[in-house]
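The primary structure of each chain is shown beneath.
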Amino acid sequence: MASGRTAMGDKTVIALNLKGVGHAYLGRTVLDGIDLAIAEGEIVALVGPSGCGKSTLAHIAADLIEARAGRIDRGYRRHAMIFQEPSLLPWATAEGNVAFSLKLAGVPRRERAGRIVETAERVSLLPEDLKKFPVELSGGMKQRVAIARALAVRPDFVYFDEPFTALDVALRRRMQDLVKETCAGGQLSGLFITHDLQEAARLADRIAVLDSHGKGVLGVRIVPSARPGWDDTAVFDWVQSALKHDPLFRHIHDVDERQIA
Amino acid sequence: MPKILQQSLFERLADRTGRVLEFLWSGWAGLAALCLLAAVWQAGHEAYGPFILTSPVETLRAAGALAADPDAWTVGLKTLQRAVTGFALVAVVGGALGIVAGYSPATMRLASPLVTVILGVPPIAWIVLAMIWFGGSDATVRTVILVAALPVVFLGAARGIVTRDRGLDRMARAFGAGPVRRFVSVGLRQTTTTLFPALALALGTSFKVAVMAELLANAGGIGGALADARINLDIANALAWVVISVGLLIVVEYTLIYPVKGELDRWRRAAQPWGIKR
């Protein structure tokens, strides 16, 4: 696993490869010349200031938007996506929402119930929660259902599109732990979009920094997450020193309100 | 088999029975309102005399006499048939057009002025035209219903699509739903929020317009019976026919629209604290 995480050598299997990807909204270029490769079993965090086109890139990679330029090779079998808003169907119960992705994935009806229970357990959803409608669930519970919906289809690649931005600090930590636990098996690869470097360092194997104006990936840093004692203190120290000394991270907290996503 | 599924059939049944009982229980409020109306009606009767306004009891007696008459049933069912087929026609045509316009801004831009034009033409003008085209037949009544109720159904359907949550579309797409799947499982369902009030309105319009068209086009049905009552100055019979046509509308609305709406709106009720549900 470690070999796949660090060096993108010849032997690693590439789960996702973006080459020269570009995109424009109404003639305005938002992304240009993006190269990014994610190996199997690896989580790459994509950070950058707000409005730099991170989400757009994730949507292009997940085939929600068509890229205007470049090449996208998807080596994975099946992807799932977790959005910033839970995006649950309001008319379906939590169970129905998880079943929705299973239905779309073509899982036969009789297998669905078992898969739902199994996945709900993984994200600590109680059976009584499964019967509730999204309106009856708190923000954290809704996001849990969204995670369950993504994991139920047994994806080997997950797109995280700033999934925890809207949650409060304590809840965000719990959700991050949840993601860490579910990815611990190493079968899961993922692209984690965030503007929180702390979050990126906690979850990812590598951190890629996107240019403020979407003109390419500025650089990639390997997170020493395999190191023994990689706890919160270590993450904090690493982030602080990275922000202070690494020029790559100099602009990630820049905010330009005029720029729209 | 997992536990949650074993319980679910019984639970679902109990849930549904509970909802039906709750719904029936809410009928008391409707009954109270009707009694209030009857009281005002009775007061009017006592003030102006039976020739101007027959008493509610007298009217109900006349309605009862009509209910015992098989010929009256034929008349009532004729109107019912026309109103319901006309409503079905407008629901399908208006709904389909509205959904297309909701997805396609160009169609919407073209259709909006047309809707205004249709809204502006008085239904009575359509009755005259339809009479010339189709004579005193079912087609006349259906055409007038279609024209009269089309704008509201169209706007209801279009509004539902336009105001849909695009995040859900994106989510469905991320999980591999094609355009048809997205429309059926996500788009269509969201239309119901605005489409159902529009359909309820359209159903009421269908009955009113059906009776009116029948009366003016001399096409039989309840409208025809009302015309006869007018010729005979038979107030009791005229009011009895009005009661019957309103009764038919209520029956259709509560057997056709409300059960479907209740089923679709379960999640909305789940959000309400129990005190508001009554």
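The structure displayed is predicted, hence computed values, not measured ones.

1. Let's talk about the overall build of chain B
Per the secondary structure count, chain B includes 13 helices and zero strands. Along its sequence from the N terminus, chain B presents helices and strands in the succession α-α-α-α-α-α-α-α-α-α-α-α-α. The principal-axis extent of the C-alpha atoms belonging to chain B is close to 70 × 45 × 35 Å. Within chain B, contacts between residues at least 6 apart in sequence are counted, and of these 75% link residues at least 24 apart.

2. Overview of the interface of chain A and chain B
Contact residues are listed per partner, giving 29 residues for chain A and 23 residues for chain B. Both sides of the chain A and chain B interface together cover about 2,400 Å² of buried area, and 73% of this is carbon and sulfur. The largest contributions to the chain A side of the interface with chain B come from Leu 64, Trp 91 and Leu 104 of chain A, which together make up 28% of the buried area. Inspection of the chain A/chain B interface yields one salt bridge. Between Arg 170 of chain B and Glu 85 of chain A there is a salt bridge, with the nearest N and O atoms lying 3.4 Å from each other.

3. Some remarks on the pairing of strand β1 (residues 14-25) of chain A
Residues and elements named next belong to chain A. Strand direction decides the pairing type here: β1 and strand β2 (residues 28-39), joined by eight bridges, are antiparallel. Looking at β2, one finds that Val 21 is bridged to Ile 34. The antiparallel hairpin formed by β1 and β2 contains two residues in its connecting segment, where Leu 26 sits at a positive phi of about 50°. Sheet analysis places β1 next to strand β4 (residues 69-74), joined by five bridges and oriented antiparallel. Bridge pairing in β4 links Gly 22 to Ala 69.

4. Some words on a nonpolar patch on the surface
Residue and element names in this part refer to chain B. A grouping of Val 20, Leu 21, Phe 23, Leu 24, Val 242, Val 246, Ile 250, Tyr 254 and Tyr 258 is seen on the molecular surface, where their side chains present a nonpolar patch of about 780 Å² in accessible area. Of all the elements in the fold, those that place two or more residues in the nonpolar patch are α1 (3-25) and α11 (235-264). The greatest single-element share of the nonpolar patch, amounting to five residues, is contributed by α11. Here Tyr 254 is to be found in helix α11.

5. A few points about the domain arrangement of chain B
Residues and elements named next belong to chain B. Along its sequence, chain B is organised into domain 1 (1-53) and domain 2 (70-266). Computed over C-alpha atoms, the centres of domain 1 and domain 2 are 24 Å apart. The partner domain 2 presents nine residues to the eight residues of domain 1 that form the contact. Surface buried jointly by domain 1 and domain 2 totals about 680 Å² across both partners, of which 66% is contributed by carbon and sulfur atoms. Contact with domain 2 buries area across many residues of domain 1, yet Arg 19, Phe 23 and Phe 51 alone supply 51% of it, more than any other trio. Inspection of the domain 1/domain 2 interface yields one salt bridge. Notably, a salt bridge pairs Glu 263 with Arg 16, separated by 2.9 Å at the nearest N-O pair. Its residues placed into classes, the side of domain 1 that touches domain 2 shows five nonpolar, no polar and three charged.

6. Remarks on the sheet that holds β1 of chain A
All names here are of chain A. The strand order β2-β1-β4 describes an open sheet built from three strands, whose pairing is antiparallel. The sheet is open, and its two edges are formed by β2 and β4, each paired on a single side. If you compare each strand with its neighbour and ignore which way they point, the axes differ by 15° on average. Taken strand by strand, helix α2 (residues 54-61) contacts β1, β2 and β4, and its axis lies near 120° from that of β1.

7. Things to note about helix α6 (residues 139-152) of chain A
An α-helix turns once every 3.6 residues. As a result, residues three or four positions apart point the same way. If you check α6 of chain A, its first and last C-alpha atoms are 20 Å apart, about what 14 residues at 1.5 Å a residue would give, namely 20 Å. Here α6 of chain A lies mainly inside the structure; twelve of its 14 residues are buried. Buried-residue contacts for α6 of chain A involve β5 (79-82), α3 (94-104), α4 (109-122), α5 (127-130) and α7 (169-183) of chain A together with α8 (166-174) of chain B. Once α6 of chain A ends, the next one or two residues include Arg 154 of chain A, with phi positive near 50°.

8. Brief notes about the environment of Ala 213 of chain B
Residues and elements named next belong to chain B. Checked against the element boundaries, Ala 213 lands in helix α9 (residues 179-217). Along the sequence, Ala 213 and Val 128 sit 85 residues apart, while their C-alpha atoms lie 9.1 Å from each other. Sequence-distant contacts of Ala 213, that is, excluding residues within four places in its chain, are made with Ile 127, Val 141 and Asn 218.

9. Considerations on the environment of Ala 125 of chain B
Inspection of the secondary structure puts Ala 125 of chain B in helix α6 (residues 123-134). Taking the C-alpha atoms as reference points, Ala 125 of chain B and Val 144 of chain B, separated by 19 residues in sequence, lie 9.3 Å from one another.

10. Comments concerning the confidence of the model for chain A
All names here are of chain A. Here chain A averages 86 in pLDDT, and 92% of its residues register 70 or above. The secondary-structure element of chain A with the lowest mean pLDDT is helix α1 (residues 2-5), recorded at 40, while α3 shows the highest, at 94. Confidence over residues 1-7 falls short of pLDDT 50; this stretch has twelve contacts with residues more than four positions distant or in other chains.

11. Notes on the packing of aromatic side chains
With the rule as written, the count across this model stands at eleven aromatic pairs over all chains. The interplanar angle of 75° and the centroid separation of 6.3 Å between the aromatic rings of Trp 238 of chain A and Phe 249 of chain A together place this pair among those described as edge-to-face. Highlighted residues: Trp 238 of chain A in helix α9 (residues 232-245) and Phe 249 of chain A in the segment after α9, separated in sequence by eleven residues. Accessibility expressed as a relative area gives 16% for Trp 238 of chain A, which makes it buried. Classification of Phe 249 of chain A by relative accessible area gives buried; the value is 1%. Ring geometry for Trp 25 of chain B against Trp 28 of chain B: centres 6.2 Å apart, planes inclined by 80°, an arrangement best described as edge-to-face. For the pair Trp 25 of chain B and Trp 28 of chain B, one class covers both residues: exposed.

Reading the values: rules and limits
- Residues numbered from 1 in each chain as written.
- Chains lettered and ligands numbered in written order.
- Predicted model: local features only at pLDDT ≥ 70, side-chain atom pairs only at ≥ 80, totals over all residues.
- Heavy atoms only, no water.
- Helix = DSSP H or I, 4+ residues; strand = E, 2+ residues; numbered from the N terminus.
- Contact = heavy atoms within 4.5 Å.
- Buried area = accessible area lost by both parts, 1.4 Å probe.
- Salt bridge = Lys/Arg side-chain N within 4 Å of Asp/Glu carboxyl O.
- Pairing = 2+ DSSP bridges.
- Patch = residues over 30% accessible without salt bridge, like charges linked within 9 Å, V, L, I, M, F, W, Y side chains within 5 Å.
- Areas by Shrake-Rupley, 256 points an atom, 1.4 Å probe, with all protein chains shown as cover.
- Domains from an automatic or database assignment.
- Nonpolar A, V, L, I, M, F, W, Y, C, P; charged D, E, K, R; others polar.
- Axes fitted to C-alpha atoms, helices over the stretch in contact; angles between N-to-C directions.
- Expected span 1.5 Å × (residues − 1).
- Buried < 20%, exposed > 50% of the residue type's maximum accessible area, 1.4 Å probe, protein only.
- pLDDT = per-residue confidence, 0-100.
- Phe/Tyr/Trp six-rings, centres within 6.5 Å; stacked < 30°, edge-to-face > 60°.

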